[in-house]
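Residues per chain are reported as follows:
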Amino acid sequence: MYIWRMPGPFGRVSAPPPHFPVGGPVPASDLVGRETYIRRLVERLGDGNHVLVAGPRRIGKTSIILEVLRRLKRRGAHTAYVDCLGATDIRGLGERLIDAVLENVSGVERSFEQAKAVAAGMRPSVKVRYEHIELALQLARETNAQRFFDGALDLPRALAARTGKRVVIALDEFQAAGRLGPRVFDVMRARFQAHRGVSYAFLGSEQGILEELFSAKGHAFYRFAVPLDLTDAGGHRFGIDPDDWLEYLKTKFATKKMTIDDASIDRLLDATGGHPQDTMQVCAALYYLMRDATARQVSSDFLEVAYEQAMRELERPFALHWTELGSHKYLQQVAKRIAHKAVLYAADPEGGAVPRPEVLRALAALQERGLVVRLGRGRYDFVEPMFGEYVRRPDEGPLAPGTVPPR
C-alpha cells in the first residue's frame, strides 16, 4: 500500500496569515522577542532534556513550541504535538498521541484510523504503507482502556528505537490530563522515565497546578522537567523586551507603507502592558482602520479608536471570565480591588469587609486561573491589563475622547 495526498486546497499549502495574526498560533516571523527563548528550548530538547513551559493563556506558548518542533524536525528529529485539552478519557488522549507520533512515518494525519481499519480486516480510506502503521496495529486491537493507554504512551519510545532518531513530544495544556483519572500522572511518569531517545515538553496555563505537579515532593512529576520561565525571560514582563516590540511594529507597518512613531508605540504598549495577543489585537484593529482610511501615519485618534475596537472584540471572552468569577465567593470583589489598585484588605464603601483568609484564597484562585500576577508584597495586577480595564469601566465610566488608558 502506498501514500497519496489530495492536491490543491486539501493539501498542506496554507494561505498567508493576517498581517497582525490573532486568535491562534502565529508564524515564526510574528513571535516578537522570542528567538533566544526558542533557541534555548531547541537545545534543551535536542540534547534529551525534558522541559516545563508554564504561563497564562494567550502569551504565545503554543506558537513557540510549534516553532521549536519545526526546527527540531529540520534537524532530523521526529516530533509530535498533542493538545491534552478536550480529551474526555484516557483512550481519547492515547489516540491523539498515536496519531501525532505515526504522522512522522506515514505523512498522513489520523493514521490511527487507518491502523484500526487494517486491524479490522478492512481497506483504509487512504493508501498507506503497512510498515507505517505496523507500530499501532496491536494497539488498534486492544479493547482494555488502560492497556491501550499504556501502549500509546510507549509508542514514542518504540519509534525512537526503530528509527534511531530522537523523538520530541510536546504535551500542551498538560494539566488537563490529570482530570482523566486519579492515577493518570502516575502512569505517565512511570512510562516516560523509562524512555530512551525521547524528550518531553510540558506546556500549561494553570501555573499553580503545574508548579505543584513538577516542584512539590510527593507529586508524580517532581523534578522531572526543567522549568523555563516564559513570562519573565530576560527580566521583562511576558519575556519580551520593549525594544523588540519597537523594531517589530515599525517594520510591520512599514511593509504596508505606513509609519508609527516611538511615542505611539509607547502609548500602545502602555495600554496593553505588552501582552502579546492583546497588543496584536490592537495592532490589527489599527492596521485595518488605517487601511480603510488610506492613512499612512498612526495618530492618537487612530490609536484610541483601535483600542476601543479591540476592547469590543475582547468583551465576550472577558465577560465569560467575569461571569465565572461570580460563581465563587469574593473573587469578583477582590478582582475589583486589584483593578482599582485599592487596599486589598480594607472594608468596602458599603461597609462589607472581606476576611483576610478569604482575600488570600481569592488571590490564590485568581493566580491559578492565570488572571492575576503577584508583583510584590500586597501588590497584584492583571496578566491582561485590558481585562483590568474591562473590570474598572462599570465603576469609572467611559474614557474621555482621545484617551488611551495608562498602565
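Our subject is the structure that appears above.
What counts, and where the lines are drawn
- Residues numbered from 1 in each chain as written.
- Predicted model: local features only at pLDDT ≥ 70, side-chain atom pairs only at ≥ 80, totals over all residues.
- Heavy atoms only, no water.
- Patch = residues over 30% accessible without salt bridge, like charges linked within 9 Å, V, L, I, M, F, W, Y side chains within 5 Å.
- Areas by Shrake-Rupley, 256 points an atom, 1.4 Å probe, with all protein chains shown as cover.
- Salt bridge = Lys/Arg side-chain N within 4 Å of Asp/Glu carboxyl O.
- Helix = DSSP H or I, 4+ residues; strand = E, 2+ residues; numbered from the N terminus.
- Buried < 20%, exposed > 50% of the residue type's maximum accessible area, 1.4 Å probe, protein only.
- Contact = heavy atoms within 4.5 Å.
- Pairing = 2+ DSSP bridges.

### A word on a nonpolar patch on the surface
Thinking step 1. On the surface, Val343, Tyr345 and Leu360 cluster together into a nonpolar patch covering about 270 Å² of accessible area.
Thinking step 2. Considering the arrangement of structural elements, one finds Val343 in the loop between helix 13 (331-339) and helix 14 (356-368).
Thinking step 3. With a relative accessible area of 58%, Val343 lands in the exposed category.

### Some words on helix 7 (residues 184-192)
Thinking step 1. Along helix 7, the residues classified as buried are Val184, Phe185, Val187, Met188, Arg189 and Phe192.
Thinking step 2. The inward-facing, buried residues of helix 7 abut helix 3 (90-106), helix 6 (145-163), strand 3 (167-172), strand 4 (198-204) and helix 8 (207-215).

### Brief notes about the pattern of salt bridges
Thinking step 1. Applying the stated criterion across every chain yields a total of 20 salt bridges.
Thinking step 2. Between Glu308 and Arg393 there is a salt bridge; the shortest N-O distance is 2.7 Å. Placement of Glu308 in helix 12 (residues 300-326) and of Arg393 in helix 15 (residues 385-396) is noted, with a sequence separation of 85 residues between them. With respect to class, Glu308 is no different from Arg393; both count as buried.
Thinking step 3. Two residues, Glu389 and Arg393, come together in a salt bridge whose shortest N-O distance is 2.7 Å. In this pair, Glu389 and Arg393 are both assigned in helix 15, four residues apart and thus about one turn of the helix distant. No difference in accessibility class separates Glu389 from Arg393, as the two residues are buried.
Thinking step 4. Salt bridges sharing partners connect three or more residues here, namely Glu35, Arg39, Glu67, Arg70 and Arg71.

### Things to note about helix 13
Thinking step 1. Listed as buried for helix 13 are Leu331, Val334, Ala335, Arg337, Ile338 and Ala339.
Thinking step 2. Turning to helix 13, the residues buried within the fold contact helix 12, helix 14, strand 6 (372-376), strand 7 (379-382) and helix 15.
Thinking step 3. Of the residues trailing helix 13, Lys341 is marked for its positive phi of about 55°.

### Some remarks on the pairing of strand 6
Thinking step 1. Bridge count between strand 6 and strand 7: four bridges; the pairing is antiparallel. Looking across to strand 7, one finds that Val372 is bridged to Phe382.
Thinking step 2. In sequence, strand 6 turns back onto strand 7 through a hairpin of two residues, with Gly378 there showing a positive phi of about 70°.

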